[in-house]
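# Structural description and commentary
Spelled out, the chains give:
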Amino acid sequence: MTKSDSTSQIRPYRIEIPQAELDDLRDRLRRTRWAPDLPGAGWERGVPASYLHDLAAYWADGFDWRAQEAALNAYPQFVTTVDGADVHFLHVRSAVPDATPLLLLHGWPGGVIEFLDLIGPLTDPAAHGGDAAAPAFHLVIPSLPGYGFSGPLPGTGWTDGRTAAALATLMDRLGYDRYGVQGGDVSAFIAPLIGRAAPDHVIGVHVNALLTFPTGDPAVMGALTETERARLAGMEEWQERLGAYMRLQGTRPQTLAAALHDSPAGQLAWIVEKFKDWTDKAAELPEDAVDRDRILADVSVYWFTGTAGSSAHTYFERFTDPGMWRPVERGSVPTAVAVFPTDFSVRPLAERQHNVVRWTEFGHGGHFAALETPEVLVAELRAFFGALS
């Protein structure tokens, strides 16, 4: 067997975090040196220490990682090496003969854990309250290179384009000639790039939390509606008030890694802040929008796999990749955009880069669509890909 043969193999994978690592996590949490709260300050300055202390105490003494591990291990998992990086993925095939292959891509600070509530309804609609004639899907759910169970990146240079090419290779390696792609957050960049990398194989791209940027064309900007202008203003305000994480990960990821890799309380604060800032604005606390155990399962994956720094480095690659910010020709693959109340997507700007054939706006939900409103995302994917396949 040649080296290339061995690295291209698809190998079975099972999550088995050693008990010693669970014990170490609990010990570190119990010994946390807590920063004091500033009297009168709230979430507008970051995660309140009082809230974080209570959540960390539950993580240490109430949260059941083994239950979350079992929920993931209930589905077939594999790992393969693409372009020198390991790619972990769930591969859940539907029993429906004409099911559509679908690649589901998480963002930051997400992972494969966020799609658990979608697997049953998408692979077996009839068994999960859907019409027996509803579209069904074969699901491929990877941990992005450098994230979660894919493990840290093997080196620099992992731009979104390189990640997109690796995931297209994964689908080819699995034998899928025609498939759909869904992605949110950073994967709202990656998913369309897969369509550009493999336009003859991707039947459609569905995105949520798509960022659209102002153009220098006065005619385009002058034609925007009041609502669209307000969204652009909202994105600018978000960058000013809530974008510090992005600037730090995009400019000094290794410095950040030193803190997050050593302190689970710090890792928890870094991620749970996003579940507060980015979820449905009607939610007072993060767990009012997303189940607390699911949030902690997500944070636990980053902790146990040591990929806080590695995932941050992907922001550096994105920020420093000249090709990421150059004008590109409009993509040809049919694209659907789901817009939730926390999103800043503007259709005329999206249409300049993407072949937008479906645009749906929702009155509730937030950035973490698969976690906050899984039933909405399931219906969206059925409607869009069902019309294409």
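Residues numbered from 1 in each chain as written. Predicted model: local features only at pLDDT ≥ 70, side-chain atom pairs only at ≥ 80, totals over all residues. Heavy atoms only, no water.

Positionally, Thr81 belongs in strand β2 (residues 77-82). Within the structure, the side chain of Thr81 is placed 3.4 Å from the side chain of Arg11, a separation counted as a polar contact. At a separation of 2.8 Å, a polar atom in the side chain of Thr81 contacts the side chain of Asp86. (Helix = DSSP H or I, 4+ residues; strand = E, 2+ residues; numbered from the N terminus. Polar contact = N/O pair within 3.5 Å; in protein donor to acceptor, adjacent residues only side chain to side chain.)

Turning next to the environment of Gly180. For Gly180, the position within the fold is in strand β6 (residues 179-184). For the pair Gly180 and Pro334, spaced 154 residues apart in the sequence, the C-alpha separation amounts to 10.0 Å. Among all residues touching Gly180, those that are not within four sequence positions of it are Pro101, Leu102, Leu103, Ile203, Gly204 and Phe385. (Contact = heavy atoms within 4.5 Å.)

Contact geometry of helix α12 (residues 264-277) with helix α14 (residues 292-305) gives a least axis separation of 10 Å together with a crossing angle of 135 degrees. Classed by the angle they form, the pair α12 and α14 counts as oblique. You can see that α12 and α14 cross each other, and the crossing is right-handed. Contact residues: Pro264, Gln267, Leu268, Ile271, Val272 and Phe275 in α12; Ile295, Leu296, Asp298, Val299, Tyr302 and Trp303 in α14. Residue classes in the contact of α12 with α14 are distributed as 10 nonpolar, one polar and one charged. (Axes fitted to C-alpha atoms, helices over the stretch in contact; angles between N-to-C directions. Parallel < 35°, antiparallel > 145°, perpendicular 65-115°, else oblique. Left-handed = near helix turned anticlockwise from the far one by under 90°. Nonpolar A, V, L, I, M, F, W, Y, C, P; charged D, E, K, R; others polar.)

So, on to the UniProt feature "domain: Epoxide hydrolase N-terminal" (unreviewed entry) in the chain. Here, UniProt's "domain: Epoxide hydrolase N-terminal" (unreviewed entry) annotation points to residues 10-115. Taken end to end, residues 10-115 is 32% helix and 22% strand, and its first and last C-alpha atoms sit 22 Å apart. (UniProt positions renumbered as here; feature names shortened; annotations may be inferred.)

Attention now goes to the sheet that holds strand β8 (residues 334-339). Pairing within the open sheet is mixed, and its nine strands lie in the order β1-β2-β3-β5-β4-β6-β7-β8-β9. Each edge of the sheet is formed by a strand with only one pairing partner; in this case those strands are β1 (10-12) and β9 (355-361). This sheet shows a mean twist of 25 degrees between the axes of neighbouring strands, independent of strand direction. Here strand β4 (residues 100-105) pairs with strand β5 (residues 137-142) via four bridges, running parallel. Within β5, the position partnered with Thr100 by the bridge is Phe137. Running over the sheet, helix α6 (residues 160-173) touches β1, β2, β3 (85-92), β4, β5 and β6 and is turned about 120 degrees from β2. (Pairing = 2+ DSSP bridges.)

Right, let's get into empty space enclosed by the protein. Evaluated as defined, the whole model comprises five cavities of 30 Å³ or more. Counted as a void, the largest cavity has a volume near 120 Å³. Lining the largest cavity we find 15 residues, and of these Gly107, Glu114, Gly184, Asn208 and His367 sit closest to its centre. Those elements that provide at least two residues to the lining of the largest cavity are β6 and α18 (369-372). Per-class residue counts for the lining of the largest cavity are seven nonpolar, six polar and two charged. (1 Å grid on protein atoms, 1.4 Å probe; cavity = no way out; pocket = protein on both sides within 12 Å on 5 of 7 lines; lining within 4 Å. Points joined across faces, edges and corners; volume = space filled by probe spheres on them.)

A word on the UniProt feature "active site" (unreviewed entry) in the chain. UniProt marks Asp185, Tyr315 and His367 with the feature "active site" (unreviewed entry), using the numbering shown here. If you take the residues mentioned a moment ago, the ones lining the largest cavity come down to Asp185 and His367. Position of Asp185 relative to the elements: it lies in the loop between β6 and α7 (187-197). Take Asp185: its relative accessible area is 14%, and that puts it in the buried class. Sequence-distant contacts of Asp185, that is, excluding residues within four places in its chain, are made with Gly107, Trp108, Asn208, Ala209, Trp278, Tyr315 and His367. Of the polar contacts made by the side chain of Asp185, one reaches the backbone nitrogen of Trp108; its length is 2.8 Å. In this fold, His367 is placed in the loop between β9 and α18. (Buried < 20%, exposed > 50% of the residue type's maximum accessible area, 1.4 Å probe, protein only.)

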